[in-house]
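Survey of secondary and tertiary structure
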Amino acid sequence: MGSFHGRRSLSRQILLVLNITMSFGFSVGDFIAVLQLANNIRARFDNAPEQFKAISNEVTGLSNVLRDIESVQSQQELTDWQKNALVPVLKECHNTLIALGKKRVTWEPDDVHELRSRVTLNISLLNAFNSSLISKVTLATKDGVERLHKRQDTQEHRQETRDREQEHSNILNWLTPIDYAAQQQDFISRRQEGTGQWLLESEEFQSWINTDKQTLFCSGIPRARKTILTSIVVEELTTRFSNDLTVGIAHLYCNFRRKDEQKAQDLLASLLKQLSEKPSSLPDSIKSLYGKHKEKRTRPSLDEISRTLQSVGAISDGYRQRFLSSLFNFQESHMFRLPGFVTRSLEFQEEIKMGIVKAVDGMFLLAQLHLESLTGKRSPKAIRAALGNLAIGSEAYDHAYEDSMERISGQIKEQEDLAKQVLSWIICAKRPLRTTELQHALGVEVGESRLDEDNLPEIEDVVSVCAGLVTVD
């Protein structure tokens, strides 16, 4: 047998704890009360005789596992099932600790053994409960980490998408900064409801849109609203095939006032840009082209752009060549001003087209001037000689303009004077003139107080005497 006496202050603390009423409809206060009781009992055994060390160690273990549970449960709220499972264990811990607190004089070995067994059992039960809590916290932590990783992955994916879209935009703008979409929007906004419906419903249009490898060529006199009709067709195609990734839609609006930005490579680059905007990823051929020229700060050649366009749009070599010719408006209807031996021979017309395509190197307006320069030739030999002498290079425009002015000066006096008046009005005007404004300006007679409409020249005659230097938009 053995005995020890606790200090008076400690006895009062233990009695205070023993007087705490345990509700055991589980509350945080109940758990703290048991933990506090265990700590006090453990402190009481600090100075116990050697024979009580075993029970002291058991109480220390109980206090430790209670502290572990307190730490884990602070990270998550216990479920009702967990509370119901914890209540009887805590109640037994409470009763055992109370029994230990009442032993104040002597303990029989059997008493010590019985209390140790109860404490050990409580430790085992609490350890099992704590393990289940830890596993749930671990799972909750794992879920939280996975959600965090998923959120991070989503944010990284969004950033990667933004970076990819930015790179996509940079490369396309490098191809050409020109955006024909703005012009398309401007032109289509001028359309009155129902305008151009006759074209969309026409047999020719329906046949073209439903048949592969077809060209729909629409010519018209000046001011026939061809540009508006074109915008209507573009709008129809864009709407009809908006969700069809197998259909590429691209459009150009050529304007002689923008000749410096509408060379062949500029026009082809714009088509390449438009055909590459719809796919979600940029074609490798465009990335390769960009990578090749980015570091050197060089621009791709006409051949590089056209072959990249060929790979992106699945365009054959034959179609590519025909397309380049069409960029310069070399259609049969534009050959009517040439001599009859040209208009009667399709083979000769093709020879002229290819000769001018080779000479102009993509300069759209220069092609028109060269074509116009052939109007006065009276034999196939003379035309071939002229084709062989067409100006090329950086000074080609100067030579072409000089040739046009020489042809203007070679006309009869009235035609020469009319052409020079037209050029004077167009050059000196502060803005582009409408056809009616130019007609009225030319119809003004010195000394007359009123405008005589019988003196207004026909716009077709005005254009024809200017040797290709004037066109109607």
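Our subject is the structure that appears above.
Okay, so let's go over this structure.

All right, on to the overall build of the chain then. In terms of helices and strands, the chain carries 21 helices and 0 strands. Looking at the chain as a whole, 37% of its 473 residues are labelled buried. Taking contacts inside the chain between residues at least 6 apart in sequence as the whole, the part at least 24 apart equals 70%. Looking at the chain as shown, the accessible area adds up to about 28,700 Å², and 50% of this sits on carbon and sulfur atoms.

The next subject is a negative patch on the surface. A contiguous patch of negative charge, built from D153, E156, E160, D163 and E167, is present on the exposed surface. Inspection of the secondary structure assignment puts E156 in helix α5 (residues 109-175).

Quick look at the packing of aromatic side chains now. Tallied over the entire structure, the rule returns 4 aromatic pairs. With centroids separated by 4.8 Å and ring planes inclined at 65 degrees, the aromatic side chains of F187 and Y253 adopt a geometry described as edge-to-face. Of this pair, F187 sits in helix α6 (residues 180-189) while Y253 sits in the loop between α9 (226-240) and α10 (264-277); the two residues are 66 residues apart in sequence, bridging distant segments of the chain. What makes F187 buried here is its relative accessible area of 14%.

With 15 residues, α9 should reach 21 Å at 1.5 Å per residue; the first-to-last C-alpha distance of 21 Å fits that figure. Looking at α9, one finds that the buried residues are I228, L229, S231, I232, V233, V234 and L237.

Following the sequence through the fold, K273 ends up in helix α10. What K273 contacts, discounting residues up to four positions off in sequence, is L172, N173, L175, T176, P177 and I178.

If you look at the biggest cluster of nonpolar residues, it comprises 32 residues, and the most contacted ones within it are L175, Y180, I232, V233, L272 and I286. The leading source of residues in this core is α9, at 6 residues. Once you skip the residues sitting within four places of it in the chain, V233 turns out to touch L199, L200, F205 and W208. Judged by nonpolar contacts, the second largest core, of 24 residues, contains L62, V89, L115 and I123.

Moving on: the pattern of salt bridges. For the structure on display, the rule yields 9 salt bridges. Through salt bridges that share partners, R431, R434 and E437 make up one connected network.

Take the packing of helix α19 (residues 413-428) against helix α20 (residues 435-443) next. Each pair of packed helices can be summarised by the angle the axes make with each other and by the distance between the axes. Relative to each other, α19 and α20 sit at 125 degrees, their axes nearing to 10 Å. Compared by their axis directions, α19 and α20 come out oblique. Like other packed secondary-structure pairs, α19 and α20 cross with a definite hand, here right-handed. For the pair α19 and α20, the contacting residues are L418, Q421, V422, W425 and I426 in the first and L438, A441 and L442 in the second.

Moving on to the environment of Q36. Positionally, Q36 belongs in helix α2 (residues 28-44). We classify Q36 as partly exposed; its relative accessible area is 38%. For the pair Q36 and S63, spaced 27 residues apart in sequence, the C-alpha separation works out to 8.6 Å.

This next bit is on the packing of α6 against α9. Two elements in contact, α6 and α9, have axes whose closest approach is 9 Å; the angle formed by their N-to-C orientations is 110 degrees. Our classification of the angle between α6 and α9 gives roughly perpendicular. Side by side, α6 and α9 meet where Q184, F187 and I188 of the first sit next to T227, I228, S231, I232, V234 and E235 of the second. Of the residues in the contact of α6 with α9, the class split is 5 nonpolar, 3 polar and 1 charged.

Even without a glycine there, the phi angle at R297 is positive, about 55 degrees. For R297, a relative accessible area of 80% translates into the label exposed. In this structure, A467 is a non-glycine residue whose phi angle is positive, near 55 degrees. Here A467 is to be found in the segment after α21 (459-464). Looking at A467, the relative accessible area reads 6%, which means it is buried.

Glancing now at helix α17 (residues 380-388). Within the sequence span of α17, burial applies to I383, A386 and L387. Around the axis of α17, the buried residues are gathered within 100 degrees of arc, so they sit on the same side. Turned more than 90 degrees off the buried face of α17, the exposed positions are K381 and G388. Looking at the packing, one finds that the buried side of α17 touches α14 (340-343) and α15 (346-360).

To continue, consider the side chain of S276. For S276, the position within the fold is in helix α10. Non-local contacts of S276, meaning those with residues more than four positions away in its chain, are made with H168, L172, L282, P283, I286 and V312.

About the thresholds
Residues numbered from 1 in each chain as written. Predicted model: local features only at pLDDT ≥ 70, side-chain atom pairs only at ≥ 80, totals over all residues. Heavy atoms only, no water. Helix = DSSP H or I, 4+ residues; strand = E, 2+ residues; numbered from the N terminus. Buried < 20%, exposed > 50% of the residue type's maximum accessible area, 1.4 Å probe, protein only. Contact = heavy atoms within 4.5 Å. Areas by Shrake-Rupley, 256 points an atom, 1.4 Å probe, with all protein chains shown as cover. Patch = residues over 30% accessible without salt bridge, like charges linked within 9 Å, V, L, I, M, F, W, Y side chains within 5 Å. Salt bridge = Lys/Arg side-chain N within 4 Å of Asp/Glu carboxyl O. Lys, Arg positive; Asp, Glu negative; His and termini not counted. Charge placed at Lys NZ, Arg CZ, Asp CG, Glu CD. Phe/Tyr/Trp six-rings, centres within 6.5 Å; stacked < 30°, edge-to-face > 60°. Expected span 1.5 Å × (residues − 1). Core = buried A, V, L, I, M, F, W, Y, C linked by side-chain atoms within 4.5 Å. Axes fitted to C-alpha atoms, helices over the stretch in contact; angles between N-to-C directions. Parallel < 35°, antiparallel > 145°, perpendicular 65-115°, else oblique. Left-handed = near helix turned anticlockwise from the far one by under 90°. Nonpolar A, V, L, I, M, F, W, Y, C, P; charged D, E, K, R; others polar. Arc of directions from axis to C-beta.

Everything listed here is a matter of coordinates, which is why it stays silent on function.
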